[in-house]
Structures are given as C-alpha cells and as structure tokens.
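# Geometric and topological summary
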Amino acid sequence: MSSATPAGARDLLGHRPFLFFLSSRSLSRFSSQIGAVAIGWQIYNLTGSAFDLGMVGLVQFLPTALLVFVAGHAADRFERKRVVQACQIAEALTALFLAGSTFAGTISEIQIFVATFVLGIAGAFESPATAALLPLIAPQGSLQRATAISSGAAQVATIIGPALGGFAYALMPGAPYGIMMVFWLFGALLTGGIGRLQQAPVKNGGSSDDLFAGVTFVRSNPAILGTISLDLFAVLFGGVTALLPIYARDILQAGPLGLGILRAAPAVGALLMTMVLARHTINRRVGMRMFQAVIVFGVATVVFALSHWMWLSALALAVLGAADTISVVIRFSLVQLATPDEMRGRVGAVNFLFINASNQLGQFESGVTAALLGTVPSAVLGGVATVAVALLWMKLFPTLRDVEKLE
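The rules behind the values
Residues numbered from 1 in each chain as written. Predicted model: local features only at pLDDT ≥ 70, side-chain atom pairs only at ≥ 80, totals over all residues. Heavy atoms only, no water. UniProt positions renumbered as here; feature names shortened; annotations may be inferred. Helix = DSSP H or I, 4+ residues; strand = E, 2+ residues; numbered from the N terminus. Buried < 20%, exposed > 50% of the residue type's maximum accessible area, 1.4 Å probe, protein only. Contact = heavy atoms within 4.5 Å. Areas by Shrake-Rupley, 256 points an atom, 1.4 Å probe, with all protein chains shown as cover. Patch = residues over 30% accessible without salt bridge, like charges linked within 9 Å, V, L, I, M, F, W, Y side chains within 5 Å. Salt bridge = Lys/Arg side-chain N within 4 Å of Asp/Glu carboxyl O. Core = buried A, V, L, I, M, F, W, Y, C linked by side-chain atoms within 4.5 Å. Phe/Tyr/Trp six-rings, centres within 6.5 Å; stacked < 30°, edge-to-face > 60°. Expected span 1.5 Å × (residues − 1). Axes fitted to C-alpha atoms, helices over the stretch in contact; angles between N-to-C directions. Parallel < 35°, antiparallel > 145°, perpendicular 65-115°, else oblique. Left-handed = near helix turned anticlockwise from the far one by under 90°. pLDDT = per-residue confidence, 0-100. Nonpolar A, V, L, I, M, F, W, Y, C, P; charged D, E, K, R; others polar.

Going by an unreviewed UniProt entry, the protein carries the name MFS transporter and comes from Bradyrhizobium brasilense. For the record of the protein, the UniProt heading Subcellular location (unreviewed entry) holds the text "Cell membrane".

See below:
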C-alpha cells in the first residue's frame, strides 16, 4: 500500500500490523464488556443497591484521575505496544483472581471493588498507548476509515461480549471471568505481533512541564478542547449504562440474558454506523455532524428512559449507539490528526481522562440520582441535559462547529 494514497477498507484489513492491532483491541473490548455485565450483575445480586452500581464506575475512574498524566507520558516515552501488552497481562491476572474467588464462593463486594480498581489502573495506561498506536499503523490519509473499522470491530465485541457475559454468568457466575482471562492473554500475544513501529521520541525528558504538555496543547486548541469537553458532559449526563441492571430486572423483567441484550443493543447500532462510515467517510461539515449526533444521542436516551417495552428499549439504545459512533470517529480523527506524534500519548491521556470521567463518573452520577430521584426520572433528566449541552457547546465553540474536513 502506498503511504500517499488513502487505503480502502479491504486494503486496511490486509495490512498485517493493522489486522493484529484490530484483533488485539477487539479481544480487550470483549473482555471489558463481559466484565461489565458480570461485575454489574454480581454487585447488584450481592447488595441490591443502585448506589453500589454507581460506585463501580467511581472505582474504575479513580485510577484514571490519579495516573492519567503518568500514563500519557509512558505512552510517549516507552514502546507503545509493550505498554499495551503489560496492561493486558495485568488484566488477565485480575480476571483470574475474580474467577478463582467466584468459583470458590468467597467473592465479596470489597474484592470486586479492589479488582475493579486494578482493572482501572491497567486501563489508564492501556488506552492512551492504544490510541497513539493507530496513527502509526494506518496509512496516510486513511485514519478516519481505520478508526471506523477499528470502532466497528470493537462494537462487534461489544455486541457479542455482553450477551456472552450474561449467558456465561447464567450458567456459572465464575465463567465470564475465565473467558476474560483467556481473551486478554491472546490479546497480549497479538499485540506483540504488530511489529516494530517508528515512534517519535519524547522531548524534554521527564519534567513536570513535559508531563502536563498534553493539557497545555488541548487548552491551546479550541476545536480539540470543545470536542473532548463535549463528550465529557454529554455522556456524563446522558449515560444510562449503570442503570441497565435495574431496567433489566425491575422494569423490563428481562433477567441477566436481557441485561446482556440491552448492553449489546448500542453496539448493534454502532456497528451498522461503522459499516457506513468505513465505506463513506464524512467529508464536509464534520463539526456540525458531531453536534447533531450528540443531540440524537440525548433524544434516544429519553426514549429509552420512558420505555417499558423490551423492543423499544433495545431500539432506542441502538440509535444511541449509532449516534455515538459518529461522534467517536470525528473526535478521535480530529484529535489524532491535530496532534504531533511525540505528544499523542499525553494528549490521548487527557482525552482518556475526559472519556472515563464521562463514562465512569457518569455511572456514579446515574447511580446517585437514581437513588435520590428514582431510576426513570434520573435517565430522563440525563437525556435532556445531553441535548442542552450540545446546544450550549455550539455557541461556546464556534471553531469546532465550523470544522469542515478532517483529512
């Protein structure tokens, strides 16, 4: 493949480093999604508390908040694929601990929180390194398409993973953790097979200014700042992931298998959208398209919140996932293309901090507001707030709104 000619989807899938990257990332996503179902259902079975479901998100977020800048610097200073490998091995060992404790019948709420915290540490280092790998692997001019394909493969894992996790948990509570361990170990092997990549060396050694260079860069670029902060606040208010066990058991009466279906539904919509984006990239008004996608995300959240029918709930989540994919592809491509390679790890760490703040703190916020206001009012309020944030950000960040093209 020529580095000057944008590669098509088939060419990208025939590019060995990208194929190994894709497979490894998908296996990691499989494990994460299986774990989300198993941990959520197990915690709710042990405690019956919406607040404790929210605490899972907070425990996952804390390592990101504490280690994000160190993790970003590590992704720029060390070979990125080795950082990813080390994280995948640590995650596999944590899954082994959860499997052993569950099979032995000694698992406790505290043990699950500790394991979740360790997974959060590994994820804090893995995500910036993984994100910074893709621009080194994708041929020039093909990052948006490579991002869409990568997102689509991850969504396949997100579709099958929750259903597999729910099914495995229904058969035997420790089984999901055993599957996670195997997938993470295979992912580490595939990461090692990517091959040697030309990575720009980090400048200025290890000074504190160097550690926080990603923050300085994001603050100086209004389009990137607007993109990352939009995702933070939109998903912080609009995320309903933490409430899915309550909807599955108490509102829709669907059980653990139904929970797996609900968790998979956003990925179904996301996969369909990535199939479109892999063939037809967004070539104009990309900033406005991202704002429109966030608004659709908020509206779909409100529909899900009010639904008492399984089919409508799944459909709303699928629409939500499709809209989120448009936002993800635009955000990732914009951030990576506007960032020098020697800073991609640190800027990626800032991005990861914002994403985790929206996802994990969003889970905590959902759990707390559900405990205070009730499940349905909490979800409705979150969807309305997401739409309001998108409209406000269009006024606050006109540079982002007016972005026309990515590549």
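### Regarding the overall build of the protein
For the protein, the helix and strand inventory stands at 17 helices and 0 strands. Per-residue burial for the protein yields a buried fraction of 57% across its 407 residues. Within the protein, contacts between residues at least 6 apart in sequence are counted, and of these 88% link residues at least 24 apart. Carbon and sulfur atoms make up 67% of the accessible area of the protein, which amounts to about 16,000 Å² in all.

### Considerations on a nonpolar patch on the surface
Together, F103, F167, L171, M172, L257 and I261 make up a nonpolar patch on the protein surface, roughly 620 Å² of accessible area in all. Listing elements by their share of the nonpolar patch, those giving two or more residues are α6 (143-171) and α12 (255-279). With relative accessibility at 46%, the residue F167 sits in the partly exposed group.

### Brief notes about unusual backbone geometry
Of all residues except glycine, most have a negative phi; of all peptide bonds, most are trans. For Q253, which is not glycine, the phi dihedral falls at a positive 50°. Take Q253: it is sitting in the loop between α11 (244-251) and α12. The exposure class assigned to Q253 is exposed, which follows from its relative accessible area of 59%.

### A few points about the pattern of salt bridges
Applying the stated rule across the entire model yields 3 salt bridges. Here E79 and R82 are joined by a salt bridge, their closest N and O atoms 3.8 Å apart. Classification of R82 by relative accessible area gives partly exposed; the value is 42%.

### Concerning the nonpolar core
Within soluble globular proteins, side chains that are nonpolar generally end up buried alongside one another. Counting 77 residues, the largest nonpolar core has F304 and L317 as the members making the most contacts within it. Dropping the residues within four chain positions of it, L317 is found in contact with V240, L244, L262, A265, P266 and F304. Ranked by size, the runner-up nonpolar core spans 22 residues in total, among them A75, V83, A131 and L143.

### Here we look at the packing of aromatic side chains
Applying the stated rule across the entire model yields 4 aromatic pairs. With centroids separated by 6.3 Å and ring planes inclined at 10°, the aromatic side chains of W309 and W311 adopt a geometry described as stacked. We note that W309, like W311, is exposed.

### Quick word on the UniProt feature "transmembrane region" (unreviewed entry) in the protein
The positions that UniProt labels "transmembrane region" (unreviewed entry) are, in the present scheme, residues 50-71, 83-104, 177-197, 228-248, 260-278, 290-309 and 370-394. When the span residues 83-104 is considered, its composition is 100% helix and 0% strand, and the gap between its end C-alpha atoms is 32 Å.

### Side note on helix α7 (residues 175-192)
Taking 1.5 Å per residue as the helical rise, α7 with its 18 residues ought to reach 26 Å, and the 27 Å between its terminal C-alpha atoms agrees with that figure. Buried positions along α7 lie against α2 (16-47), α4 (80-104), α5 (109-137) and α6.

### Some thoughts on the environment of L232
Inspection of the secondary structure assignment puts L232 in helix α10 (residues 222-238). Separated by 119 residues in the primary sequence, L232 and N351 have C-alpha atoms spaced 9.2 Å apart.

### With respect to the side chain of S150
Secondary-structure assignment places S150 in helix α6. Setting aside chain neighbours within four positions, we find S150 in contact with F18, F21, L22 and R25.

### Some points on the packing of α2 against α12
Each pair of packed helices can be summarised by the angle the axes make with each other and by the distance between the axes. For the pair α2 and α12, the least separation of the axes is 11 Å and the interaxial angle reads 140°. In terms of orientation, α2 lies oblique with respect to α12. For the element pair α2 and α12, the recorded crossing hand is right-handed. Counting all contacts with α2, which are made through Q33, A36, V37 and W41, the residues of α12 involved are G255, P256, L259 and R263.

### Details of the confidence of the model for the protein
Per-chain confidence: the protein averages 81 in pLDDT, with 89% of residues scoring 70 or above. Within the protein, α7 carries the highest mean pLDDT (94), whereas helix α8 (residues 208-211) carries the lowest (56).

### Thoughts on the environment of A75
Inspection of the secondary structure assignment puts A75 in helix α3 (residues 50-77). Separated by 51 residues in sequence, A75 and E126 have C-alpha atoms that sit 8.5 Å apart.

### As for α4
Given a rise of 1.5 Å per residue, 25 residues ought to cover 36 Å, and the 37 Å separating the end C-alpha atoms of α4 matches this to within 8%. In the segment just after α4, G105 is the residue with positive phi, at about 75°.

### Quick word on the packing of α6 against α12
It is at 7 Å that the axes of α6 and α12 come closest, and there the two elements cross at 165°. By the criterion of interaxial angle, the relationship of α6 to α12 is roughly antiparallel. For the pair α6 and α12, the sense of crossing is left-handed. Here the residues of the contact of α6 with α12 are counted per class, giving 16 nonpolar, 7 polar and 3 charged.

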